[in-house]
Amino acid sequence: MTSTLDRPVKAPTFQGVGARRRAKDVIATILVSLAVVIALIPLVWVLFTVIAKGLPALTSPTWFTNSLSGLTASADGGGIYHALIGTLLQGIVCAVFSIPLGIFVAIYLVEYADRKSKLGKLTTFMVDILSGVPSIVAALFIYALWIATFGFPKSAFAVSLALVLLMVPVVIRSTEEMLRIVPMDLREASYALGVPKWKTISKIVLPTALPGIITGVMLALARVLGETAPLLILVGYAPFINFDLFNGEMGTLPSVMVAEMNNPTDAGTNRIWGAALTLILLIAILNIVAKLIGHFSQVRSK
């Protein structure tokens, strides 16, 4: 008589389990792909619409060389030169203040502030608050401080200050994330060789994270270039060229679109879509430049 211990044990079959896993994997792949397609549909639609309606304006020989000064509402011709210059000037001033400030704050939060640091916690909290501040609130704050309190006139420089409040938290967050993914082994190896902390940050940490930092900075700059509320509150629209950031009205690409909204003619519609396409092209060029800078500046191991 054989005992139950002497009976052969059948090996478990995993065919059913494997089939269920493959089915779940296929379903998950289909759902993720469907989500990507649904997300791309409005993006491609918007891009196609802007290109189709804005391309006739860009094909004009005077679009990038002339301003709208002296033109009537229904007159064809003119260009976007004044608004393009105004957008670039305000963006450059905003970047000059925002990029160093954002990068230095991110370095402090990652490299110097520990978990028990009260200043670090307060800085993180304030950055979170600033990240959700609407552009019109930032514009009203600059208006109350720069114009109402200090007595300075409305100007493009005040717009740049409002854009700084919107750009700095984005730069801080993106730079902070890029610094955190730098391997700690690089820092420890540098410290073991007797390299000071500030030199480790400047020579090892920052060059390693530089491609991601540049990408984050360009995304932050692209966000603020399209803001409209600070333009409406802090400076008026001018259809002519103005290089003075501290006096007078100044035209920008978003303000052209706002100004031409009151122009029901075909010329006004063409200028709206042309300014929108020009803004998209400007942001695309900035991102391409950022990608090239990040590619050629990244650290390569031999």
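Residues numbered from 1 in each chain as written. Predicted model: local features only at pLDDT ≥ 70, side-chain atom pairs only at ≥ 80, totals over all residues. Heavy atoms only, no water.

In the nomenclature of an unreviewed UniProt entry, the protein is known as Phosphate transport system permease protein PstA of Rhodococcus qingshengii. In its Function (unreviewed entry) section, the UniProt record describing the protein reads: "Part of the binding-protein-dependent transport system for phosphate; probably responsible for the translocation of the substrate across the membrane." What UniProt records for the protein under Sequence similarities (unreviewed entry) is the sentence "Belongs to the binding-protein-dependent transport system permease family. CysTW subfamily." (UniProt positions renumbered as here; feature names shortened; annotations may be inferred.)

K.L.:
I keep staring at the overall build of the protein and nothing clicks. Help me out?
P.N.:
When its secondary structure is counted, the protein shows 10 helices and zero strands. Counted from the first residue to the last, the protein has its helices and strands arranged as α-α-α-α-α-α-α-α-α-α. Dimensions of the protein, computed from C-alpha atoms along their principal axes, come out at roughly 110 × 50 × 40 Å. The burial tally for the protein puts 38% of its 302 residues in the buried class. When contacts within the protein are restricted to residue pairs at least 6 apart in sequence, those whose partners lie at least 24 apart make up 72%. Surface accessibility of the protein: about 18000 Å² in total, with carbon and sulfur atoms responsible for 71%. (Helix = DSSP H or I, 4+ residues; strand = E, 2+ residues; numbered from the N terminus. Buried < 20%, exposed > 50% of the residue type's maximum accessible area, 1.4 Å probe, protein only. Contact = heavy atoms within 4.5 Å. Areas by Shrake-Rupley, 256 points an atom, 1.4 Å probe, with all protein chains shown as cover.)

K.L.:
Would you take a moment to explain empty space enclosed by the protein for this structure?
P.N.:
It is the rolling of a water-molecule-sized probe over the atoms that shows where space remains empty. Per the counting criterion, the structure on display carries one cavity of 30 Å³ or more. One number sums up the size of the largest cavity: a volume of about 80 Å³. Considering the residues around the largest cavity, the lining is formed by Thr87, Gln90, Gly91, Val159, Leu163, Val224, Leu225, Glu227, Pro230, Leu231, Thr252 and Pro254. Secondary structure elements with two or more residues in the lining of the largest cavity: α2 (81–112), α5 (156–180), α7 (197–225) and α8 (229–234). Per element, the largest residue contribution to the lining of the largest cavity is three residues, and it comes from α2. Taken together, the residues of the lining of the largest cavity sort by class into seven nonpolar, four polar and one charged. (1 Å grid on protein atoms, 1.4 Å probe; cavity = no way out; pocket = protein on both sides within 12 Å on 5 of 7 lines; lining within 4 Å. Points joined across faces, edges and corners; volume = space filled by probe spheres on them. Nonpolar A, V, L, I, M, F, W, Y, C, P; charged D, E, K, R; others polar.)

K.L.:
I keep staring at the nonpolar core and nothing clicks. Help me out?
P.N.:
Ranked by size, the top nonpolar core spans 65 residues in total, and within it Met167, Leu179, Leu234 and Leu253 carry the most contacts. Going through the elements one at a time, α1 (15–58), α2, α4 (135–149), α5, α7, α8, α9 (253–260) and α10 (266–297) are the ones with two or more residues in this core. When sequence neighbours within four positions are dropped, the list of residues in contact with Leu253 reads Ile80, Ala83, Leu84, Thr87, Ala275, Thr278, Leu279 and Leu282. (Core = buried A, V, L, I, M, F, W, Y, C linked by side-chain atoms within 4.5 Å.)

K.L.:
Mind showing me how you'd approach the UniProt feature "domain: ABC transmembrane type-1" (unreviewed entry) in the protein here?
P.N.:
The UniProt entry lists residues 84–294 under the feature "domain: ABC transmembrane type-1" (unreviewed entry), expressed in the numbering used here. Within residues 84–294, the helical portion is 78% and the strand portion 0%, while the C-alpha atoms at the span's ends are 25 Å from each other.

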